[in-house]
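What the coordinates show
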Amino acid sequence: MDSPAPRAFKRARTEDGDAPIVRSDKIWYDDGNLVIQAERTQFRVHRGILSKQSVFFRDMKDLPQPSNAAEALVDGCPVIELQDEAEDVWYMLHCIYDTALLTRPPSFPELLTSLRMGHKYLVAVMFDSAADRLRAEFPSAIERYSEVEFSRFTTSADNNHFELLPVVKAVGLETVMPALYFFYVNFRSAPQIAAGCDIVDVDVCSRSSAVLPSAEDRLMLLVAFNKILRSQDEYSLRWIWKGSDSCSRPTMCDKARTEYREARFSVFDGTVDLCKWCTITAKQLHEEGRDMFWKVLSSFFGLKPWEELRDFQIEWCEAIVLIA
Ligand SMILES: [Zn+2]
């Protein structure tokens, strides 16, 4: 896997930019020994505290040295500039200084920021908490998928769940992908998938700066949508083709199954007029079909089998030598 680390940091530019450089009013510790700049905002922090939570800052061997003392020191502290939005850097530093923040459900934008920034700067406490929430929300076990109440993070009407797809891919959470992709297929319409947008007004998405799934990924979901619909007879709807060997009224039960087959294309809800024995058989076939479907779920999306899916873990890259 490619190194997730930022390519480099560089000495803060103080000579250009249209807006004046401002000090963060939330993260500026007078006894801090490092100044981080993002966009036109500076944060004064403690390198030791950052090193404790972030592999990136821990392994940052060589701070840029100012070529002349007046150039890059701010209040005697070296300055590094990160190529991120100030708001993202603020949230990352906020989490590093107050890890208790991560124990409560994040908002949807905070979840995305935790994944991106936690992955980029190797902040394990931040990345792991977000990844755990996603793994709980989009589990790899069908029993857990059935129990999910979609409550591990808070969303609002203007959130677009499709923003998760490119982030989950970028940070390498492979075990989350099948259930996440199935969530789109199951709960979003084909036009929403085509637009990569779950907001009713798809124009809002096209105007936003959010990173949406690529055209390739949207097509992948639509193809999977079609394949899954067409394959239901092999899986959860297997029962509509087969009655019980002990059926007590074959003509009536066959008629009920045929009517169901022709009238509806949905999950078995037990309301079809079948005899007792065919109902038992139908429920068994339905359950078996769901399990069979779940086993091959990842294949619909062109993913590897479940047992080969792996999630990125920050421990893996502790030895990476970062280039200053
Ligand atoms: Zn029957």
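Residues numbered from 1 in each chain as written. Predicted model: local features only at pLDDT ≥ 70, side-chain atom pairs only at ≥ 80, totals over all residues.

Looking at an unreviewed UniProt entry, one finds the protein named BTB domain-containing protein, with Schizophyllum amplum as its source organism.

Before going further, it helps to spend a moment on the overall build of the protein. Along the backbone of the protein there are 15 helices and 5 strands. Out of the 324 residues in the protein, the part that is buried amounts to 33%. Within the protein, contacts between residues at least 6 apart in sequence are counted, and of these 66% link residues at least 24 apart. (Helix = DSSP H or I, 4+ residues; strand = E, 2+ residues; numbered from the N terminus. Buried ≥ 20, exposed ≤ 12 C-beta atoms within 10 Å, placed from the backbone. Contact = placed C-beta atoms within 7 Å.)

A few words now on the nonpolar core. Counting 68 residues, the largest nonpolar core has Ile 36, Met 92, Val 123, Met 126 and Tyr 181 as the members making the most contacts within it. Top element by residues in this core is helix H9 (residues 177-187). It accounts for 6 residues. Residues in contact with Met 126, not counting those within four places in the same chain, are Met 92, Cys 95, Leu 102, Ser 114, Met 117 and Gly 118. (Core = buried A, V, L, I, M, F, W, Y, C linked by C-beta atoms within 7 Å.)

Moving on: helix H8 (residues 164-171). For H8, the full list of buried residues reads Leu 164, Leu 165, Val 168 and Val 171. End-on view of H8: buried residues confined to an arc of 145°, all on one side of the axis. Elements that come into contact with the buried residues of H8 comprise helix H5 (108-120), H9 and helix H12 (215-231). Just past H8, the residue Gly 172 takes up positive phi, approximately 75°. (Arc of directions from axis to C-beta.)

Next up on the list: unusual backbone geometry. Not every positive phi belongs to a glycine, and Glu 39 is a case in point at roughly 50°. Position of Glu 39 among the secondary structure elements: in the loop between strand S3 (34-38) and strand S4 (41-45). Its identity as a non-glycine residue notwithstanding, Leu 122 has a phi of 55°, on the positive side.

Between its first and last C-alpha, helix H4 (residues 86-97) extends 16 Å over 12 residues, near the 16 Å set by a 1.5 Å rise per residue. Among all positions in H4, only Val 89, Met 92, Leu 93, Cys 95 and Ile 96 are buried. Along the axis of H4, the buried residues cluster in a sector spanning 160°; they form a single face. (Expected span 1.5 Å × (residues − 1).)

Relative orientation of the contacting elements H4 and H5 amounts to 85°, with a least axis distance of 10 Å. Relative to H5, H4 is oriented roughly perpendicular. In this structure, H4 contributes Asp 88, Tyr 91 and Met 92 to the contact, and H5 contributes Glu 110, Thr 113 and Met 117. Of the residues contributing to the contact of H4 with H5, the split by class is 3 nonpolar, 1 polar and 2 charged. (Axes fitted to C-alpha atoms, helices over the stretch in contact; angles between N-to-C directions. Parallel < 35°, antiparallel > 145°, perpendicular 65-115°, else oblique. Nonpolar A, V, L, I, M, F, W, Y, C, P; charged D, E, K, R; others polar.)

Below, the discussion takes up the environment of Asp 128. Topologically, Asp 128 is positioned in helix H6 (residues 124-137). Each C-alpha atom of the pair Asp 128 and Ser 114 lies 8.9 Å from the other, and the pair is 14 residues apart in sequence.

A few words on the packing of H9 against H12. Orientation of H9 relative to H12, taken along the N-to-C sense of each, is 70°, at an axis distance of 10 Å. Regarding the angle of H9 to H12, the classification is roughly perpendicular. Residues Tyr 181, Tyr 184 and Val 185 of H9 form the contact with H12, whose own contacting residues are Leu 221, Ala 224, Phe 225 and Ile 228. Residues belonging to the contact of H9 with H12 are distributed by class as follows: 7 nonpolar, no polar and no charged.

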